[in-house]
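An overview of the molecular structure
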Amino acid sequence: MTEPATEFPPPKILTLSPAHKPILITQGAEGRLYKTPSPFQPDQFCALKYRPPKPYRHPILDARLTKARISSEAKVLDRCYREGVPVPAVLAKDAAAGWMMIEWIEGEPVRVGINKWLGERPEDDAVVDHSQEDETPLIDLMKRIGVAVGALHRTGVVHGDLTTSNMMLRPWADDRLPNGHGDKAEKAKAVAGDVVVIDFGLAMQSQSDEDRAVDLYVLERAFASTHPRAERLFHHILDSYREAFKKAPGVLHKLEDVRMRGRKRSMLG
């Protein structure tokens, strides 16, 4: 019989308003993400990222690591936000208590939007003909992803875990949404919105072309794994990245080296 996992209560800041119970959105190995009413604007929500104590680590070491990681993530987000990178704003933090409160981004992950566009997976032996399909809305989304990543790297930050799950589609106002009805309009709406990059737990500040290239490679491999039927459109992300970031040629040249190392590792197992 296994021991039940140790449960830690939420941080005290989430217990200050008993009338509004926080909602646990996701829980990972390192932390939890809650959705809770904003203490600054009660009619709005915010996200609270909390790193609970780790019982397997020495308490002093655990406290130091938690404080350092929360402080580092908040610092990176602040820098990106000031430079105009599409990221959530940091609203408050208590690094010693292990939490950081950030802007709540409405919408769905980019991953969900792309999969809605792609629709049901065809049969394994089916040949999909894209020649008659207007893929402009999906290509436009690829370009917006490239612009967002270019802005991130221009700021001197690499994300460390770029995936379409770590990007949100913040809905546009109605006057920017595609017009019309039917399946085509619904598909276009699925990929509409501003791209906002989230989850900077593995991010770091770096001006290295190698680090930036690895960031792109992680995104490329994650995209191929998550959206194999749209992999042929990934080059639009890189084309847009090149336009958004003046140092992109050096990064993309380095990306070829990173790809080559990745292929060699795959061959060697």
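Residues numbered from 1 in each chain as written. Predicted model: local features only at pLDDT ≥ 70, side-chain atom pairs only at ≥ 80, totals over all residues. Heavy atoms only, no water.

Another point: the confidence of the model for the protein chain. Of the residues in the protein chain, 86% reach a pLDDT of 70 or more, and the chain-wide mean stands at 87. Confidence drops under a pLDDT of 50 for residues 1–6, and excluding neighbours within four residues, the segment shows 0 contacts in the predicted structure. (pLDDT = per-residue confidence, 0-100. Contact = heavy atoms within 4.5 Å.)

Two elements in contact, helix α5 (residues 209–226) and helix α6 (residues 235–244), have axes separated by 11 Å at closest approach and are oriented at 155°. Relative to α6, the element α5 lies roughly antiparallel. Of the two possible hands of crossing, α5 and α6 adopt the one that is right-handed. Contact residues: Arg-212, Leu-216, Leu-219 and Phe-223 in α5; Ile-237, Leu-238 and Tyr-241 in α6. (Axes fitted to C-alpha atoms, helices over the stretch in contact; angles between N-to-C directions. Helix = DSSP H or I, 4+ residues; strand = E, 2+ residues; numbered from the N terminus. Parallel < 35°, antiparallel > 145°, perpendicular 65-115°, else oblique. Left-handed = near helix turned anticlockwise from the far one by under 90°.)

Bringing helix α2 (residues 110–118) into the picture now. Residues of α2 that are buried include every one of Val-110, Gly-113, Ile-114, Trp-117 and Leu-118, and no others. The buried side chains of α2 occupy one side of the element, clustering within an arc of 135° when seen end-on. For α2, the elements touching its buried residues are β6 (108–109), α3 (136–154), β8 (167–170), α4 (183–190) and α5. Backbone geometry just after α2 places Gly-119 at a positive phi near 75°. (Buried < 20%, exposed > 50% of the residue type's maximum accessible area, 1.4 Å probe, protein only. Arc of directions from axis to C-beta.)

This next bit is on the sheet that holds strand β2 (residues 32–37). With antiparallel pairing, the 5 strands of this open sheet are ordered in space as β1-β2-β3-β5-β4. Both edges of this open sheet fall to β1 (23–27) and β4 (90–94), since each of them pairs with a single strand only. Pairs of neighbouring strands in the sheet enclose a mean axial angle of 20°, with direction left out of account. As judged from the 5 bridges shared by strand β3 (residues 45–50) and strand β5 (residues 99–103), these two strands associate in the antiparallel manner. Bridging from a neighbouring strand, Ala-47 pairs with Ile-102 of β5. The strands touched by helix α1 (residues 59–82) within the sheet are β3, β4 and β5, with β5 carrying the most contacts at an inclination of about 20°. (Pairing = 2+ DSSP bridges.)

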